[in-house]
Amino acid sequence: MNPYDEVLYEGHPFAQTHPDRLATMARLFGMEAAPVERCRLLELGCGDGGNLIPMAYTLAGSEFVGLDAGERGIAKGRGLALALGLSNLQLRALDLMEADADLGTFDYIVAHGVYSWVPPAVQERILAICRDRLSRHGVAYISYAAYPGGHLRTMISEMLQYHARRFPEPARQIEQARAFLTFLAQREPDDGCTLMLREEVETVAARRPATLYHDELAAHSAPVYFHQFAASAGRHGLQYLGEADFFEMQDCVLPAEASGMLRRLAKDLIDLEQYMDLLKCRRFRQTLLCHAGLKLDRAVRSEQMRAFHVSASSRAQREAPPKLPTDHPVALAAVAAANEAWPAALSFEKLLGEVERRAGAFAEVDALLADVVLACFAGGLFQLHVRPPKFAACAGERPRASALARLQAGSGEYVTNLCHCPVRLEGDWSRLLLKLADGSRDHAALLADLRAAAGPAGGEIRQEDFDRSLEGLAACALLEA
């Protein structure tokens, strides 16, 4: 039996695989990326569609195809897609080795968490599909475990596999692997190596059981050095475009002396990226590829920022604004405005207006702001968008949560918001509120039905708690405009 049929892997959205992210990176480097609203995207190893279905739900004008050898996951995904009435999505139970030309061509191809966990022949097939099925200005996303950081994870995987090999049932293997992780974590660190191992053990122990089974206990698990991956892609007529997270390509996180040394040592971009991996002990990459014949413009300039929408990168920045490399009023105002708007994205013009309102008049403020946006993007504080996410910024008269989130609320701890990110639901009645917010009730009716649905505990739901939770749904980008 396929291991993904034995132990079902629950899929989740990955914002870095969304067409908006891929198109943004492509346009930064001079490519004519396909419009996010009218594109074709193929996901290899789509599982139950946890990443693909939310894309299809929010981008009705685009077409999505998912392939996976696990029939249970495909069946689950098809059921959810049917309940949502999605007509722009195909989920096919198909071995990647059997994928052929009938798929057509795609503007974007995604393979998340697959490459390092399949045999070499399948790895070659993934790259061949990207070469053959990618449109002229298409972008492929492939994530994989990377060395040198992958050596620690490989060491732990080998330990767990050795211990779990005597137990035939997957459930027992997972149980015993977790028990052995607990045993390893109890070792007192007596040197630097043991301390590093303990930190990695704690990271692995926090994984979900299915993830532990399919990653650490997988029959195939082979990290690669970046230069090896780039060479394999090159043999298939593909070239390195960049990383899904722009800040991962920057050497500004390194001390100035180390950064200068790397630039003197590196022969080319691939060499520089590999050296950065060695210094950062990188263990995972999310690499973007495109056709080798395309000419790229890698000189990203601040004036390009005017073409994008800008958002803060996370809620954490809103709650605890990061320390900036400069205290210039334009930078402070830009970060404050982006944090306040999160999770919404602001056009450059709107952000400029907010900066002028907060910081006052400055000579050439638009040029200053462009510099700030690029610096914050490179530092991981900002995210750029070609197509900003669409959702209600506040709960309207008749709040309507996304149909996808309402369905997911009935069966899981997490739901997917309209920014293609997972949101954890806190408390039973928050889940009930989300399911009831279907646009048919005003606030009074919604509160009354929530109290009734919550049973005996419903009488304890106060108006102020209800209002706060409803606005919380809006703040988490779960309500449709």
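Here the structure is shown first, and the text comes after it.
Keep in mind the model is a prediction, meaning the values are calculated, not measured. (Residues numbered from 1 in each chain as written. Predicted model: local features only at pLDDT ≥ 70, side-chain atom pairs only at ≥ 80, totals over all residues. Heavy atoms only, no water.)

Our focus in this paragraph is the sheet that holds strand β1 (residues 40–44). Taken in spatial order, the seven strands make up an open sheet running β3-β2-β1-β4-β5-β7-β6, and their pairing is mixed. Both outer strands of the open sheet, β3 (89–93) and β6 (238–243), are each paired with one neighbouring strand and no more. Sheet twist, expressed as the mean angle between neighbouring strand axes with direction ignored, is 20°. Pairing geometry for β1 and strand β4 (residues 106–111), over three bridges, is parallel. (Pairing = 2+ DSSP bridges. Helix = DSSP H or I, 4+ residues; strand = E, 2+ residues; numbered from the N terminus. Axes fitted to C-alpha atoms, helices over the stretch in contact; angles between N-to-C directions.)

Take helix α14 (residues 329–341) next. In this model α14 runs 18 Å from its N-terminal to its C-terminal C-alpha over 13 residues, within 8% of the 18 Å that 1.5 Å per residue would give. Residues of α14 that are buried include every one of V330, A331, A333, A334, V335, A337, A338 and N339, and no others. (Expected span 1.5 Å × (residues − 1). Buried < 20%, exposed > 50% of the residue type's maximum accessible area, 1.4 Å probe, protein only.)

Contact geometry of α14 with helix α15 (residues 348–359) gives a least axis separation of 9 Å together with a crossing angle of 120°. Classed by the angle they form, the pair α14 and α15 counts as oblique. In this structure, the crossing between α14 and α15 has a hand that is right-handed. Contacts between α14 and α15 involve P329, V330, A333, A334, A336, A337 and E340 from the former and L351, E354, V355, R358 and A359 from the latter. (Parallel < 35°, antiparallel > 145°, perpendicular 65-115°, else oblique. Left-handed = near helix turned anticlockwise from the far one by under 90°. Contact = heavy atoms within 4.5 Å.)

What follows concerns unusual backbone geometry. Look at the link from Y147 to P148: it is a cis peptide, with omega at 15°. The topology assignment puts P148 in the loop between β5 (134–145) and α6 (150–164). Here the residue pair W342 and P343 is connected by a cis peptide bond, since its omega of 5° sits within 30 degrees of zero. One can find P343 in the loop between α14 and β9 (346–347). Here the phi dihedral of A477 falls at roughly 60°; this positive angle occurs in a residue that is not glycine.

Below, the discussion takes up the pairing of strand β8 (residues 309–312). Two elements, β8 and β9, share two bridges in a ladder whose sense is antiparallel. Across the sheet, H309 pairs through a bridge with S347, a residue of β9.

This paragraph deals with the state of the cysteines. Throughout the structure, instances matching the rule amount to zero disulfides. A disulfide-free cysteine, C419 has its sulfur positioned 6.0 Å from the sulfur of C421, the nearest such atom. Of the residues examined, C421 reaches a relative accessible area of 28% and is grouped as partly exposed. (Disulfide = S-S within 2.5 Å.)

Quick look at the packing of aromatic side chains now. Evaluation of the coordinates by the stated rule reveals nine aromatic pairs. Measuring from ring centre to ring centre gives 5.2 Å for Y115 and F229, while their planes differ by 85°; the resulting arrangement is edge-to-face. Here the residue Y115 occupies a position in the loop between β4 and α5 (120–133), and F229 occupies one in helix α10 (residues 226–235), the gap between them amounting to 114 residues. Just as Y115 is buried, F229 falls in that class too. Taken together, a centroid distance of 5.2 Å and an interplanar angle of 50° make the contact between Y147 and Y225 tilted. Highlighted residues: Y147 in the loop between β5 and α6 and Y225 in the loop between α9 (209–215) and α10, separated in sequence by 78 residues. Residue classification places Y147 among the buried residues on the basis of a relative accessible area of 15%. Three or more aromatic residues joined by ring pairs make a cluster, and in this case those are F29, F246 and F377. A cation over an aromatic ring shows up here: R165 above the ring of Y162, its NZ or CZ 4.1 Å from the ring centre. (Phe/Tyr/Trp six-rings, centres within 6.5 Å; stacked < 30°, edge-to-face > 60°. Lys NZ or Arg CZ within 6 Å of the ring centre and 35° of its normal.)

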